[in-house]
Amino acid sequence: ILRMADLDLAGKRVLIREDLNVPVKDGRITSEQRIQAALPTLRLALEKGAAVMVMSHLGRPKEGVWSAEDSLAPVAARLGELLGREVPLVKDWVDGVEVQPGQIVLLENCRMNVGEKADDVALAKKYAALCDVFVMDAFGTAHRAQASTHGVIRFAKQACGGPLLMAELDALAKALDAPARPLLAIVAGSKVSTKLALLSNLVTRVDQLIVGGGIANTFIAAMGHPVGKSLCEADLLETARAIMADARARGAEIPLPTDVVVAPAFAADAPATVKKVSEVGADDMILDIGPDTAAAYAALIGKAGSVIWNGPVGVFEFDAFGKGTEALARAIAASPAFSIAGGGDTLAAVEKYGVESGIGYISTGGGAFLEFCEGKELPAVAALKARAA
Ligand code: 3PG
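Quantities reported herein were computed from a predicted structural model and do not represent experimental measurements.

Turning our eyes to something else, we now look at the sheet that holds strand E8 (residues 158-161). Within the open sheet, the 6 strands sit side by side as E5-E6-E4-E1-E7-E8. Their pairing is parallel. The sheet terminates laterally at strand E5 (89-90) and E8, the two strands that pair on one side only. Examined bridge by bridge, strand E1 (residues 13-17) and strand E4 (residues 51-55) share 5 bridges and lie parallel to one another. In the sheet register, valine 14 faces E4, and the bridge partner there is valine 52.

Next up, the structure:
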């Protein structure tokens, strides 16, 4: 892949696709991780003397209509504060943008353009016509084959990977393709069904796989233990057993919880009780791993060479059920292993426990991070490779 860092951008019109799809509530940005992650790329392009146009989507708006709710206006304002200069938001830009070298503008939500999601060729050609160089830097959207992520790469005069995209790909390759061993993955979340591809691929690569949340409950049930009222996919017990058998055949471990934290209801103030896995009652809901399990997992993390973390192992939004996730977060931060964390809830946990500085790489990807870890080729990355070939 051609890298932005290798190109002379002085005086060039540079269109940079970022993923500035940040959570916005009542017009306020609630997590600006993706904006922060894009800043070095934008600063570098400006330093190199480019005329910078930044393109991003926000949410999933209806195409062909502008709506205040889906406007990038709050992002333009925040970008301006962080860069220490005004960042104008350009509302109508598909047919041309006025921007001079050394200036930066943000283009309104590209998903408002008709044809964006369908990867329309005519639209992609219009994007391409805006610039001399197209920079794909939106790792978080690299799994979408859309006009602003994939189509434009095919038609731009020059197309390259931006520093953030390349850093993400390098970190993921370090953790997945040539990891320091043992390689340990934590995959947690409510459902086995939504993480089946991830579990199936990781089991072929890792030395240890820790499962958590509803996924762990399904594995616990598959081993014949009662799970009471816990979130569990009863129709996937056979699948869970097949994954465990596959792991065993490959010499990988899936250590299941030996104790759990249960409650009679899913609520912040529900009384939390630690129980052995074999003693979970009919009215219990498993909402976290227990202290013995957390200690055992933390010990494994301490001995790992690489750690991939996706998903909190308990209902960490409720403090009484966040101790397991906190223990693992702290173990990852304290471990000498190269660690990578990705996925929306995971980043919320990283932020809650303040362990950012202890994580080797924090991915800006949600779906893109998962698809990469599933072993899938990301369409935008494939398009960049094809251009470079
Ligand atoms: C994300 O938040 O995962 C990316 O910005 C992609 O958004 P999408 O799922 O709406 O394509």
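What follows concerns the nonpolar core. Among the nonpolar cores identified, the biggest contains 130 residues, and Val14, Val52, Met53 and Leu209 are the most heavily contacted of them. Shared between two domains, this core takes at least three residues from each, and those domains are domain 1 (4-164 + 378-388) and domain 2 (181-336). Apart from the residues within four sequence positions on either side, methionine 53 is in contact with Val14, Leu15, Ile16, Val97, Val99, Val105, Leu107, Leu130 and Cys131.

As a further point, take the sheet that holds strand E9 (residues 183-188). With parallel pairing, 5 strands are arranged side by side in an open sheet as E10-E9-E14-E15-E16. Among the strands making up the open sheet, the edge pair consists of strand E10 (208-212) and strand E16 (361-362). Across 5 bridges, E9 lies against strand E14 (residues 306-310) in parallel orientation. When the sheet's bridge partners are listed, isoleucine 186 is paired in E14 with tryptophan 309. Contacts from helix H7 (residues 213-222) reach E9 and E10 within the one sheet, and its direction differs from that of E10 by about 105°.

A few words now on the packing of helix H1 (residues 33-47) against helix H2 (residues 73-83). Where H1 meets H2, the closest approach of the two axes is 11 Å, and the angle between their N-to-C directions is 55°. With respect to their mutual orientation, H1 and H2 come out oblique. The element H1 and its partner H2 pack so that their crossing is right-handed. Contacts between H1 and H2 involve Ile35, Leu39 and Leu42 on the former and, on the latter, Val75, Arg78, Leu79, Leu82 and Leu83. Tallied by class, the residues present in the contact of H1 with H2 amount to 7 nonpolar, no polar and 1 charged.

Looking now at the domain arrangement of the protein. Each assigned domain of the protein is listed here: domain 1 (4-164 + 378-388) and domain 2 (181-336). Inter-centroid distance (C-alpha atoms) of domain 1 to domain 2 is 38 Å.

Criteria and thresholds
- Residues numbered from 1 in each chain as written.
- Predicted model: local features only at pLDDT ≥ 70, side-chain atom pairs only at ≥ 80, totals over all residues.
- Pairing = 2+ DSSP bridges.
- Helix = DSSP H or I, 4+ residues; strand = E, 2+ residues; numbered from the N terminus.
- Core = buried A, V, L, I, M, F, W, Y, C linked by C-beta atoms within 7 Å.
- Buried ≥ 20, exposed ≤ 12 C-beta atoms within 10 Å, placed from the backbone.
- Domains from an automatic or database assignment.
- Contact = placed C-beta atoms within 7 Å.
- Axes fitted to C-alpha atoms, helices over the stretch in contact; angles between N-to-C directions.
- Parallel < 35°, antiparallel > 145°, perpendicular 65-115°, else oblique.
- Left-handed = near helix turned anticlockwise from the far one by under 90°.
- Nonpolar A, V, L, I, M, F, W, Y, C, P; charged D, E, K, R; others polar.

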